[in-house]
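These are the residues of each chain, in order.
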Amino acid sequence: MSADLDATAAAPVRFDVPVPRESASTEALAAPAAVAHASARGAKIVAVAIALAWHLAIGLPAVLAARAEFAAPLVVIGGWVLVLAAGTTAGVLLLRDTPLPPWPLAGLLVVVDAAVFAAAGERQLFTAANWVWGTLGWFFLLALWGRRVTGLVALLTTHALIALVAVLGHGIDEADLARYVMYVYGTFSLPVAIFVGSTMIVGLGRDRAAAAAAMHTIAAERDAAERGLRERRDRLTLVGATAGRVLGELAAGQADPDDPEVQRRCVLAAARLRRLIAESDDVPDPLLHELRAAADLAERNGLAIDLVTIGSPPPLPVEIRRQLADPLTALLAGARDWARLTVVSGPDEVVVSLVTPDRPAPEATGPPPGEYDDGPVQHLYERDGDIRWAQTRWRR
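From a predicted model like this one, the values you see are computed outputs, not experimental measurements.

Novice: Explain the overall build of the chain here, please?
Specialist: Regarding its fold elements, the chain presents 10 helices and 6 strands. By the burial criterion, 41% of the 396 residues in the chain qualify as buried. Carbon and sulfur atoms make up 63% of the accessible area of the chain, which amounts to about 20,100 Å² in all.

Below is the structure:
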């Protein structure tokens, strides 16, 4: 029976309990950002594709077909080439999430807008050859992507005023004014709709992803709490059975209360029960709290013990804390005269050491000398005839 108790203490039963709070919180932040980024990238691709496709597929053939009819063909064609270069550069930077110089680019587009309207001539004023009507609004959109819609509206208003000056410059005609209103409506509505719609889609996607991530976080924490409760019940059953066997033997007269081995088993069972209670306490340093509980019990049983702490342990899962504390708690239960328990902590490492006087066999207990790995925790146990030294070490 004593051998079973020692084996249980030296190699505690392991229950894999998830600790989802940190990972779930990270997911709750990362998921909405990822969805928003994907939605924004999709909208950027659409805007760049529309601007370049319209400029190339509609504007270029019309410009080439009417080049002889322009008032200043070189200005119209040169402006088209300049906007193509500026728009391509803006599109590439936008898709790479590289910041654009929005207002210098917008100023360049406005200058080209005024020059092309002046150079197109009266005959090409409302034709596809006057490419700034249908194209320039999309390049305004690229220049001001991700900024407030008021900037885009201001640029489109400037574009409309430039066009109005050009129309009135050729004389007041009711038909031309009607066409002007239709062209301005088309120039305004589509880019603004894409701009506002993409912003709303990104926002809705981010909100839905945040809600889904929050639900997953709650579900993960609930599952972790349920598994933790089951694990504590299982461990309490195991520890309670161990203590029950000792108490049963004492009650039946099968164990002698004066026997040092029986006393050690009682201390060990009490220490494990006490630590099981302590590990559920809400304290800043759970590991130190659990070790202090074991040290306090040993001190109450007459052991002179020093507990030295250096640094503050990082947040550790319950399983890691058990692997660090349980082997030393088992040795502490069998210690005599004095003991020194040291905890050295850093951001990525925690080392717990126990030094006690050695005792000759057969009273000496503990694992064979050497180094052992228990998952992420290393165990080291040494004896030299005068002292017994045990250490558990966790590294991130």
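Novice: Whenever I open this one, the side chain of D176 confuses me. Can you help?
Specialist: Within the fold, D176 resides in helix α7 (residues 174–252). With relative accessibility at 15%, the residue D176 sits in the buried group. There is a polar contact of 2.3 Å between the side chain of D176 and the side chain of R179. If sequence neighbours within four positions are ignored, D176 has contacts with F126 and V167.

Novice: Is there a simple way to think about the packing of aromatic side chains in this case?
Specialist: For any pair of aromatic rings, geometry is given as the distance between the ring centres together with the angle between the planes. All chains considered together, the criterion is met by 7 aromatic pairs. The interplanar angle of 35° and the centroid separation of 6.5 Å between the aromatic rings of W54 and W138 together place this pair among those described as tilted. Here W138 lies in helix α5 (residues 132–143) and W54 lies in helix α2 (residues 20–65), a separation of 84 residues in the sequence. Pairwise contacts between aromatic rings join F117, F126, W133, Y180 and Y183 into one cluster.

Novice: So what exactly am I meant to see when it comes to the packing of helix α3 (residues 73–95) against helix α4 (residues 102–120) here?
Specialist: Helix packing geometry: the angle between the two helix axes and the distance between the axes. Look at α3 against α4: their axes get within 9 Å of each other, and the N-to-C directions meet at 160°. It follows from the interaxial angle that α3 and α4 lie roughly antiparallel. As α3 runs across α4, the sense of the crossing is left-handed. Within the contact between the two elements, α3 uses V75, V76, G79, L82, V83, A86 and A90 and α4 uses L105, L108, L109, V112, A115, V116, A119 and A120.

Novice: Please explain the nonpolar core as it appears in this structure.
Specialist: Looking at soluble globular proteins, one finds that nonpolar side chains tend to be buried together. Core analysis: the biggest nonpolar cluster contains 49 residues, and F117, W131 and Y180 have the highest contact counts within it. If you list the elements that add at least two residues to this core, you get α2, α3, α4, α5, α6 (149–169) and α7. Sort the elements by how many residues they give to this core and α5 lands first, with 9 residues. In this structure, Y180 is in contact with F126, W133, A160, L161, A163, L164 and V167, ignoring residues within four places of it in sequence. Counting residues in each nonpolar core, the second largest holds 26 residues, with L291, I320, V352 and A390 among its members.

Novice: Help me understand unusual backbone geometry in this model?
Specialist: For residues that are not glycine, phi is negative in most cases, and the peptide bond is trans in most cases. Located in the positive-phi region is D97, a residue other than glycine, with phi close to 60°. Along the chain, D97 falls in the loop between α3 and α4. D97 gets classed as partly exposed once you look at its relative accessible area, which sits at 42%.

Novice: Would you mind showing me how to read the environment of I58 here?
Specialist: Along the polypeptide, I58 turns up in helix α2. The spacing of I58 and A129 is 71 residues in sequence and 8.7 Å in space, taken between C-alpha atoms.

Novice: Help me understand the packing of α3 against α5, please; the structure alone is not making it clear to me.
Specialist: At a closest axis distance of 10 Å, the pairing of α3 and α5 adopts a crossing angle of 35°. Where α3 crosses over α5, the handedness of that crossing is left-handed. Between α3 and α5, the residues in contact are V83, G87 and L94 and L136, F139 and L142, respectively. For the contact of α3 with α5, the per-class residue count stands at 5 nonpolar, 1 polar and no charged.

Novice: Please explain the side chain of N130 as it appears in this structure.
Specialist: Position of N130 relative to the elements: it lies in the loop between α4 and α5. Residue N130 is classed as buried on the basis of its relative accessible area of 1%.

Novice: Whenever I open this one, the pairing of strand β6 (residues 387–395) confuses me. Can you help?
Specialist: Sheet faces and side chains relate simply in a regular strand, where the side chains alternate between the two faces. Here strand β3 (residues 349–357) runs beside β6; their pairing, made up of 9 bridges, is antiparallel. When the sheet's bridge partners are listed, V350 is paired in β6 with W394. Pairing geometry for strand β5 (residues 377–383) and β6, over 7 bridges, is antiparallel. By the bridge assignment for β6, R383 is matched with R388. Connecting β5 to the antiparallel partner β6 that follows it, the hairpin turn spans 3 residues, and G385 within it adopts a positive phi of roughly 95°.

Novice: I keep staring at helix α9 (residues 286–300) and nothing clicks. Help me out?
Specialist: Within an α-helix, residues lying three or four positions from one another point in the same direction, as the helix has 3.6 residues per turn. The end-to-end C-alpha distance of α9, which contains 15 residues, comes to 21 Å, matching closely the 21 Å that a straight helix rising 1.5 Å per residue would cover. Residues L287, L288, E290, L291, A293, A294, A295, L297 and A298 constitute the buried set of α9.

Novice: Can you walk me through the pattern of salt bridges in this structure?
Specialist: Side-chain pairing between opposite charges can occur once the charged atoms of the two side chains come close. The full count for this structure, using the stated rule, is 7 salt bridges. Its salt-bridge partner being D176, residue R179 comes within 2.3 Å of it at the nearest N-O pair. Taken together, the positions of R179 and D176, both in helix α7 and 3 residues apart, correspond to about one turn of that helix. For R179, a relative accessible area of 36% translates into the label partly exposed. Between D358 and R383 there is a salt bridge, with the nearest N and O atoms lying 3.1 Å from each other. Of this pair, D358 sits in the loop between β3 and β4 (370–374) while R383 is found in strand β5, placing the two residues 25 residues apart along the sequence. The class for D358 is buried, based on a relative accessible area of 12%. With relative accessibility at 35%, the residue R383 sits in the partly exposed group. A network of salt bridges, in which partner residues are shared, links E349, R393 and R395.

How each quantity is defined
- Residues numbered from 1 in each chain as written.
- Predicted model: local features only at pLDDT ≥ 70, side-chain atom pairs only at ≥ 80, totals over all residues.
- Heavy atoms only, no water.
- Helix = DSSP H or I, 4+ residues; strand = E, 2+ residues; numbered from the N terminus.
- Buried < 20%, exposed > 50% of the residue type's maximum accessible area, 1.4 Å probe, protein only.
- Areas by Shrake-Rupley, 256 points an atom, 1.4 Å probe, with all protein chains shown as cover.
- Polar contact = N/O pair within 3.5 Å; in protein donor to acceptor, adjacent residues only side chain to side chain.
- Contact = heavy atoms within 4.5 Å.
- Phe/Tyr/Trp six-rings, centres within 6.5 Å; stacked < 30°, edge-to-face > 60°.
- Axes fitted to C-alpha atoms, helices over the stretch in contact; angles between N-to-C directions.
- Parallel < 35°, antiparallel > 145°, perpendicular 65-115°, else oblique.
- Left-handed = near helix turned anticlockwise from the far one by under 90°.
- Core = buried A, V, L, I, M, F, W, Y, C linked by side-chain atoms within 4.5 Å.
- Nonpolar A, V, L, I, M, F, W, Y, C, P; charged D, E, K, R; others polar.
- Pairing = 2+ DSSP bridges.
- Expected span 1.5 Å × (residues − 1).
- Salt bridge = Lys/Arg side-chain N within 4 Å of Asp/Glu carboxyl O.

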